[in-house]
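# Report on the structure
Listed below are the residues making up each chain.
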Amino acid sequence: MEDRMSNSVGTSVLITHEVGLHARPSVKLTKLAKSFPADVEIALAPDGPWIDAKSIVKVMAAKAPKGTTLHLRAAGERAGEAVAALKALIERDFDEGEDHARSA
Amino acid sequence: MTAHRPESVAAGIVASPGYAEGPLFALDAAASAYQASGSPEREADALTAAIASATESLAALAASTEGEAADMLEFQLAMLSDDALTAPALEAVAAGTSADVAWRAALDAEIAGYAASEDEYFRARSADLTDIRDRVLRALAGTGEEQPPAGTILVGEDITPTRFLSTDWSRGGGIALAAGSVASHAAMLARARGVPMVVGLGAVPPAGSVALLDAERGALDVSPDSSAIARFREAAAAFRARRDAAATYLTRPAATADGTPVRVQVNIADPSDVEAIDIAHCDGVGLMRTEFLFGTVLPDEETQLAAYRKVLEWAQGKPVTIRTVDAGGDKPVPGFTVEEGNPFLGLRGIRLSLARQDVFRVQIRALLRAATAGNLKVMMPMVAVPEEYRQAADLFTEELRALQKAGVAATMPPLGIMVEVPSVAIVPEAFADVGFFSIGSNDLTQYVMAAARDNGRVAALNDVRNPAVLRLIANVATFAADRGIPLSLCGDAGGDPAAIPSLLAAGLRDLSVVPAQLAVAKAAIASARL
């Protein structure tokens, strides 16, 4: 994965979610990542450590609170599309409505 | 609050209010032993099959569940389906470890990672991982979960969310935990379902006996005598009546029976508390404690700033009164507080903050920066003489100048004081230049009555309705009204329906209560006549 990532497509998004990368947002993020053939990774800093965005165990272990800047990168088939889709999900606050956000 | 606390009573933190009476049922009864085969191949097969079976039962449970509980189960299902979770266990099995030992070790490592988190939300996820661990271990051993009889009080270290969901609550019952967390999924579910739950009880007694769980005050009595049972039933009936009546008051602004409006704010001890409160139901935060930040390490400026901002943003412009750290007394902090023979009369509250300016200035900077994010007010605990307030106010001014010079966004919030040392309540005129007063009725009562609030033997003396305490409160209220200085009360008495009429009569029009008491406080106000 490291080698492929050297030609990766990258971007940065600020998590705007009310509570951070908690259980429900992490489920959505990993599910979406898994829908792409590309390798997709996230990080809390521009220079990593990079985390497999398809593993909820690893994404949750990052313990990213609200207001964290999330970095995304992907490599392989439809990499650009994968990054754009994940970025959009985070920017939409993981599609969490008002009633959901309070207890997520 | 004035009840006698005998030896058989353990005190904890209310995670979900209510009352439960019944036999105890141990959650942590040892699972039946798994018989290892000794062959790595067969162990790997057994573990893989157990994980598949656990996944299947979890999926079935998720399919028959809705809302928050379904989201939680889907999260567990995603975790259990992730190779990153199972790989370390399978590797250990391949190296010769038995399936149950390997799985337990792998999951315990994950659990420890969450348990060590500084964030309460992520800390509370350790219960979800425990749930996953035990589900697979049960599948390995081929045992189901022993179902507690309906109406029992479940006791143990912690409770898993699926355990909560699989329990029959239709005939009452409750949860009493030695550890646990008010932010756990189980606590969230308990509040939603109205199941009484107390966490942080410390040692929890073995199962069997009949017990009383008071999840209004946070107490578990494991061997109550007949008079304790009678008192408990009376309190439980009163609680139910109040809750039913109160539900209709929760969403309305509070006012007395004769139409005088009363502000009702909430006390919060941790920023995550606000997740369970609708800001529309209260007039702001009358007390946000900051001791939670000072658990084991002294918090840095950014950590504090994030915590303060979270609450200010949640409050949507309503006032949030943050109290500077009130360590000392019964709240020691390693590396900060000092050991003293009589800590309630020692170096605590503002005294300690002024003695440890290195620590205090960090908090002051975080508060000054947070003040730009909402309607912040800052109050200092344990002020006894005007000089303490002035010194603290000077530190705020100094730090504000330094921040502005450095180009950091910051602003000066109104600075006020707690009224809890009798010297302030007796001569409030000496404090005419403070921004506001907030009566800390717990400490004021214990200092006026010379009766410690954590000593059951003198609990009857520790009464806010004693005429001496009420006269002092009225003295402050009269002075504050004359000078137009805002005044509120943030002690436990503010949410005690029995004390509310006396507090209103003493002149208070702004009470801050724990969130669980919001509705009952509003109901008690509505039935009071001035």
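## Some thoughts on the overall build of chain A
Counting its regular elements, chain A contains five helices and four strands. Listed N to C, the secondary structure of chain A is α-β-α-β-β-α-β-α-α in terms of helices and strands. Counting the 104 residues in chain A, one finds 49% classified as buried. Put simply, 75% of the contacts in chain A that link residues at least 6 apart link residues at least 24 apart.

## A closer look at the packing of helix 1 (residues 40-63) of chain B against helix 2 (residues 67-80) of chain B
Residue and element names in this part refer to chain B. Where helix 1 meets helix 2, the closest approach of the two axes is 9 Å, and the angle between their N-to-C directions is 160°. Taken together, helix 1 and helix 2 sit at an angle that is classed as roughly antiparallel. Pair helix 1 / helix 2 crosses with left-handed handedness. Residues Ile51, Ala54, Thr55, Leu58, Ala59, Leu61 and Ala62 of helix 1 pack against Ala70, Leu73, Gln76, Leu77 and Leu80 of helix 2. Its residues assigned to classes, the contact of helix 1 with helix 2 comprises 10 nonpolar, two polar and no charged.

## Comments concerning the environment of B:Glu388
By secondary structure assignment, the location of B:Glu388 is in helix 13 (residues 386-405). Note: C-alpha distance between B:Glu388 and B:Ile417 (29 residues apart in sequence) is 10.0 Å.

## Description of the packing of aromatic side chains
Residues and elements named next belong to chain B. The full count for this structure, using the stated rule, is six aromatic pairs over all chains. Look at tyrosine 19 and phenylalanine 232: their rings are 5.2 Å apart centre to centre, the planes differ by 70°, and that puts the pair in the edge-to-face class. With a gap of 213 residues between them, tyrosine 19 in strand 3 (residues 19-26) and phenylalanine 232 in helix 9 (residues 226-246) connect regions that are remote in the sequence. With relative accessibility at 11%, the residue tyrosine 19 sits in the buried group. Centroid distance tyrosine 121 to phenylalanine 122: 5.4 Å. Interplanar angle 90°. Geometry classified as edge-to-face. Over the ring of phenylalanine 436 we find lysine 377, and its NZ or CZ is 4.5 Å from the ring centre.

## Some words on the packing of helix 3 (residues 83-94) of chain B against helix 4 (residues 99-115) of chain B
Residues and elements named next belong to chain B. At a minimum axis distance of 8 Å, the contact between helix 3 and helix 4 shows a crossing angle of 140°. Accordingly, the angle class assigned to the pair helix 3 and helix 4 is oblique. In terms of crossing hand, the pair formed by helix 3 and helix 4 is right-handed. Only Ala99, Ala102, Trp103, Ala106, Leu107 and Glu110 of helix 4 make contact with helix 3, whose side of the interface consists of Leu85, Thr86, Pro88, Ala89, Ala92 and Val93. Residues belonging to the contact of helix 3 with helix 4 are distributed by class as follows: 10 nonpolar, one polar and one charged.

## Some details on the sheet that holds strand 7 (residues 210-214) of chain B
Two orientations exist for strands paired in a sheet by backbone hydrogen bonds: parallel and antiparallel. All names here are of chain B. Taken together, the eight strands give an open sheet; going across it, the order is 1-8-7-3-4-5-6-2, and neighbouring strands pair in mixed fashion. Edge strands, defined here as strands with exactly one partner in the open sheet, are strand 1 (9-11) and strand 2 (13-16). Strand-to-strand twist of the sheet, defined as the mean angle between neighbouring strand axes without regard to direction, takes the value 30°. Where strand 7 lies against strand 8 (residues 219-221), three bridges are found, and the strand directions are antiparallel. Bridging across to strand 8, aspartate 214 finds its partner in alanine 219. Strands in contact with helix 9 are strand 3, strand 7 and strand 8; relative to strand 3, the strand with the most contacts, it is inclined by about 120°.

## Description of the interface of chain A and chain B
Of the residues lining the interface, 21 residues belong to chain A; the matching set on chain B comes to 23 residues. Buried area between chain A and chain B, summed over both chains or domains, comes out near 1,900 Å², and the portion from carbon and sulfur atoms is 60%. The tally of links between chain A and chain B comes to two salt bridges. With a closest N to O distance of 2.3 Å, A:Arg24 and B:Asp71 form a salt bridge. The interface formed by chain A and chain B contains seven residue pairs in polar contact (both at pLDDT 80 or more). Mapped onto the side of chain A that touches chain B, the elements with two or more residues apiece are helix 2 (23-34) and helix 3 (56-61) of chain A. For the side of chain A that touches chain B, the element with the most residues is helix 3 of chain A, which contributes five residues.

Here is what the cut-offs are and how they apply
- Residues numbered from 1 in each chain as written.
- Chains lettered and ligands numbered in written order.
- Predicted model: local features only at pLDDT ≥ 70, side-chain atom pairs only at ≥ 80, totals over all residues.
- Heavy atoms only, no water.
- Helix = DSSP H or I, 4+ residues; strand = E, 2+ residues; numbered from the N terminus.
- Buried < 20%, exposed > 50% of the residue type's maximum accessible area, 1.4 Å probe, protein only.
- Contact = heavy atoms within 4.5 Å.
- Axes fitted to C-alpha atoms, helices over the stretch in contact; angles between N-to-C directions.
- Parallel < 35°, antiparallel > 145°, perpendicular 65-115°, else oblique.
- Left-handed = near helix turned anticlockwise from the far one by under 90°.
- Nonpolar A, V, L, I, M, F, W, Y, C, P; charged D, E, K, R; others polar.
- Phe/Tyr/Trp six-rings, centres within 6.5 Å; stacked < 30°, edge-to-face > 60°.
- Lys NZ or Arg CZ within 6 Å of the ring centre and 35° of its normal.
- Pairing = 2+ DSSP bridges.
- Buried area = accessible area lost by both parts, 1.4 Å probe.
- Salt bridge = Lys/Arg side-chain N within 4 Å of Asp/Glu carboxyl O.
- Polar contact = N/O pair within 3.5 Å; in protein donor to acceptor, adjacent residues only side chain to side chain.

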